[in-house]
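Structural description and commentary
Spelled out from the first residue to the last, the chains are:
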Amino acid sequence: AAIGDIELYACGIGCSQPILLTPTDITYQSATLNWGSSSAIDFEVAVKAVTDATWPEEVAVSNATNYAVSGLAPATIYQFRVRAICDADEELISDWIEGTFVTDSLPCFDPDNLHTTALGYTTATLAWDANASQSNWSIEVWNTAGSNEFAANTNPFTVTGLSAATTYYAAVKAVCGNGLAESEYSDTIQCTTN
């Protein structure tokens, strides 16, 4: 008796999802996404803010199980997804595995380059380089007679109530997040009123 044709099919192993690991090196504008995989060497990664409706185009990652993403917004919740590509023809692809992370708040950057722009008999106008996101500062002015602190919301800022022909020292720090954070003080400068 004849037996019909026999067809053999190869049963391949599926493409396993990567193993999601905790993101590292998170800053206010960047993060490193991490995952593990026992079989794949090629992956696709996508990152978006949770408030974004659609995913951006995936980024191809080869021979690595991490991806550094930058240009992120501070204090924002992000979603990321990773999938493995298990063959050269990209026909064997795993399902996505998804995770989230939160970027740090914008740091309170130290003001720099404090200098005087004008000196009067009882005033000193101070200016400094500051981060564009900052709009509040605290200026400390002192000498051997004592010290005063001035809240400034303009740059430059004119300090008043000084004594004529007197040497003063000054430093400025940024006040961020509605007063919840402060930078370090800038370098100290010396000035003498007229």
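Here the residue index of a chain counts from 1 through its sequence in written order. The predicted nature of this model means local features are confined to residues of pLDDT at least 70 and side-chain atom pairs, given and counted, to a pLDDT of 80 or more, with totals for whole chains, interfaces and linings taken over all residues. Only hydrogens and water are set aside; all other atoms, that is, all heavy atoms of the structure, feed into the side-chain values.

**Here we look at the pairing of strand β10 (residues 137-143)**
Formally: In this scheme, a residue with accessible area under 20% of its type's maximum is buried, one over 50% is exposed, and one in between is partly exposed, where area comes from a 1.4 Å probe on protein chains only. The secondary structure listing takes helices from DSSP runs of H or I that are at least 4 residues long and strands from runs of E that are at least 2 residues long, numbered from the N terminus. For two strands to pair, DSSP has to find at least two bridges joining them.
In terms of residue burial, β10 counts as a mostly covered element, since six of its seven residues are buried. Summarising the sheet, β10 and strand β11 (residues 146-152) pair through seven bridges and their orientation is antiparallel. Among the inter-strand pairings, Glu140 is bridged to a residue of β11, identified as Glu149. In this structure, the hairpin formed by β10 and β11 is closed by a connection of two residues.

**Things to note about a nonpolar patch on the surface**
To be explicit about the condition: By definition, no residue in a patch forms a salt bridge, and every one has over 30% relative accessible area; like charges are joined within 9 Å, nonpolar side chains (Val, Leu, Ile, Met, Phe, Trp, Tyr) within 5 Å. All accessible-area figures derive from a Shrake-Rupley calculation using a 1.4 Å probe, and residue coverage is judged against the displayed protein chains alone. The rule for a salt bridge is simple: a side-chain nitrogen of Lys or Arg has to be within 4 Å of a carboxyl oxygen of Asp or Glu.
A cluster of nonpolar side chains, namely Val50, Ile77 and Val102, defines an oily patch on the protein surface of about 230 Å² accessible area. You can call Val50 partly exposed: its relative accessible area is 37%.

**With respect to unusual backbone geometry**
Between Asn155 and the following residue, Pro156, the backbone shows a cis peptide bond with an omega angle of 10°. Position of Pro156 among the secondary structure elements: in the loop between β11 and β12 (157-159). For Asp25, which is not a glycine, the phi torsion comes out positive at approximately 50°. Take Asp25: it is sitting in the loop between β1 (19-24) and β2 (30-36). A positive phi is found at Asn63, a non-glycine position, where the angle reads about 55°. Residue position: Asn63 is located in the loop between β4 (59-62) and β5 (66-70). Asn63 sits in the exposed class, given a relative accessible area of 64%.

**Remarks on the environment of Gly71**
As for its placement among the helices and strands, Gly71 is situated in the loop between β5 and β6 (77-85). Expressed as a C-alpha distance, the spacing of Gly71 and Phe150, which sit 79 residues apart in the sequence, is 35 Å.

**Here we look at empty space enclosed by the protein**
Selection criterion: Within this scheme a cavity is a closed region of a 1 Å grid, computed over the protein atoms alone, that accommodates a 1.4 Å probe without allowing it to escape, whereas a pocket is open but has protein on both sides within 12 Å along at least five of seven lines; lining residues each have an atom within 4 Å of a point. Grid points are joined across faces, edges and corners, and a volume is the space filled by probe spheres set on the points. For this classification, the nonpolar set comprises Ala, Val, Leu, Ile, Met, Phe, Trp, Tyr, Cys and Pro, the charged set comprises Asp, Glu, Lys and Arg, and every other residue, Gly included, is treated as polar.
Applying the stated criterion across every chain, the model contains one cavity of 30 Å³ or more. There is about 30 Å³ of room inside the largest cavity. Residue composition of the lining of the largest cavity, by class: eight nonpolar, no polar and no charged.

**Things to note about the packing of aromatic side chains**
Put simply, the rule reads: When two rings of Phe, Tyr or Trp (its six-membered ring) have centres within 6.5 Å they constitute a pair, described as stacked for plane angles under 30 degrees, edge-to-face for angles over 60, and tilted for the intermediate range.
Counting across every chain of the model gives seven aromatic pairs. Between the aromatic rings of Trp35 and Phe43, the centroid separation amounts to 5.4 Å while the plane-to-plane angle is 65°, which identifies the pairing as edge-to-face. Exposure remark for Trp35: the relative accessible area of 1% places this residue in the buried category. Each ring, one from Tyr78 and one from Phe101, has its centre 5.6 Å from the other, and the planes form 15°; the classification is stacked. With Tyr78 in strand β6 and Phe101 in strand β7 (residues 97-102), the pair connects residues that are 23 residues apart, well separated along the chain. With relative accessibility at 8%, the residue Tyr78 sits in the buried group. Clustering of aromatic rings is evident, with ring pairs tying together Tyr78, Phe80 and Phe101.

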